[in-house]
Amino acid sequence: MDTSAPQTARIWNYLLGGTDNFAVDRAVGDEILANLPQLAENARLSRAYLARVTRWLTAEAGVRQFLDIGTGLPTAENTHTVAQSVAPDARIVYVDHDPLVLAQARGLLDSTPEGATVYVHADLRDPGTILAEAAKTLDLTRPVALFLMGVLGHVESDDEAKHLIDTYMAALPSGSWFAMYDGSDTSPENTEVVRIWNLSANPKYHLRTPERFAALFEGLELAEPGVVPVTRWRPEIDAPAIDQYGAVGRKP
């Protein structure tokens, strides 16, 4: 594990108030917060969006299987915690390639007796390995919710991002779901934060317009309210719009 270079998962963990990070990660996080102090709150609001999506898919859409790629380090309201609080028989496969996430995997592997929670150490760009490993826990003939939360910003090309989404969704049956969020270029402040991030953090991050996010859902049926700031997706509390956009789509 290289502790001399800042890593995305650890910086995000720091912004969320976690302790699984090092001085180099905190230095980048502090520089970012100096330019955009509200980013720590935005990180928590993005995490709350993940929890709302998970709860809605489980309670309203009847999903019982989740493939969460780029899960990051354990924090509050992880996917399995939320899903299994609604449906104890929910099955969750987490995927990440960060070494610290691997080291902390035991924190993800608790599960209800009726359900399952497993961790796969693999990269987003290796769908063959991920799908083969996921099939050991999930029934890929039944609907699965694919999560790519805060991950596709590390894929610069829209064509590559769309190809990855399509590859995963092609392996899942009708009635499966795709959910994501990522940073948008809707404010100069967010653009500056990403510039600072990319000076030292690994991997680099790339912002998209809301229209480019919407294009990633081509071929899927968008759930209401469509592609919106994460605080506007079926909110439970009133919160301002932020530069993180998200959406949920269903495979017809």
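Presented here is a report on the structure given in the accompanying data block. In this text, all values refer to a predicted model and were calculated from it rather than measured experimentally. (Residues numbered from 1 in each chain as written. Predicted model: local features only at pLDDT ≥ 70, side-chain atom pairs only at ≥ 80, totals over all residues. Heavy atoms only, no water.)

Thoughts on the overall build of the chain
Thinking step 1. The secondary structure content of the chain amounts to nine helices and eight strands.
Thinking step 2. Relative to its length of 252 residues, the chain is compact, with a C-alpha radius of gyration of 17 Å against a globular reference of 18 Å.
Thinking step 3. Along the first, second and third principal axes, the C-alpha atoms of the chain reach 45 × 35 × 35 Å.
Thinking step 4. Burial status across the chain gives 54% buried among its 252 residues.
Thinking step 5. Restricting the contact set of the chain to residue pairs at least 6 apart, pairs at least 24 apart contribute 72%.
Thinking step 6. Of the roughly 10,500 Å² that the chain leaves accessible, carbon and sulfur atoms contribute 52%.
Thinking step 7. One finds the centroid of the 21 positive side-chain charges in the chain at a distance of 3 Å from the centroid of its 34 negative side-chain charges. (Helix = DSSP H or I, 4+ residues; strand = E, 2+ residues; numbered from the N terminus. Rg over C-alpha atoms; globule rule 2.2 N^0.38 Å. Buried < 20%, exposed > 50% of the residue type's maximum accessible area, 1.4 Å probe, protein only. Contact = heavy atoms within 4.5 Å. Areas by Shrake-Rupley, 256 points an atom, 1.4 Å probe, with all protein chains shown as cover. Lys, Arg positive; Asp, Glu negative; His and termini not counted. Charge placed at Lys NZ, Arg CZ, Asp CG, Glu CD.)

Here we look at the layout of surface pockets
Thinking step 1. Computed from the structure, the largest pocket encloses a volume of approximately 790 Å³.
Thinking step 2. As for the largest pocket, its lining consists of 41 residues, of which Thr8, Ala9, Gly150, Val151 and His154 are closest to the centre.
Thinking step 3. Among the elements of the structure, helix 1 (8-15), helix 3 (39-59), strand 1 (65-69), strand 2 (91-96), strand 5 (177-183) and helix 8 (188-200) are those that each provide at least two residues to the lining of the largest pocket.
Thinking step 4. Taken together, the residues of the lining of the largest pocket break down into 20 nonpolar, 14 polar and seven charged.
Thinking step 5. Empty space within the second largest pocket amounts to approximately 170 Å³.
Thinking step 6. If you trace the second largest pocket, you find it lined by Glu41, Leu45, Ala48, Ala51, Arg52, Arg55, Glu77, Thr231, Pro235, Glu236, Ile237 and Ala239. (1 Å grid on protein atoms, 1.4 Å probe; cavity = no way out; pocket = protein on both sides within 12 Å on 5 of 7 lines; lining within 4 Å. Points joined across faces, edges and corners; volume = space filled by probe spheres on them. Nonpolar A, V, L, I, M, F, W, Y, C, P; charged D, E, K, R; others polar.)

Points about the environment of Thr19
Thinking step 1. Along the chain, the position of Thr19 falls in the loop between helix 1 and helix 2 (23-35).
Thinking step 2. Expressed as a C-alpha distance, the spacing of Thr19 and Leu73, which sit 54 residues apart in the sequence, is 9.9 Å.

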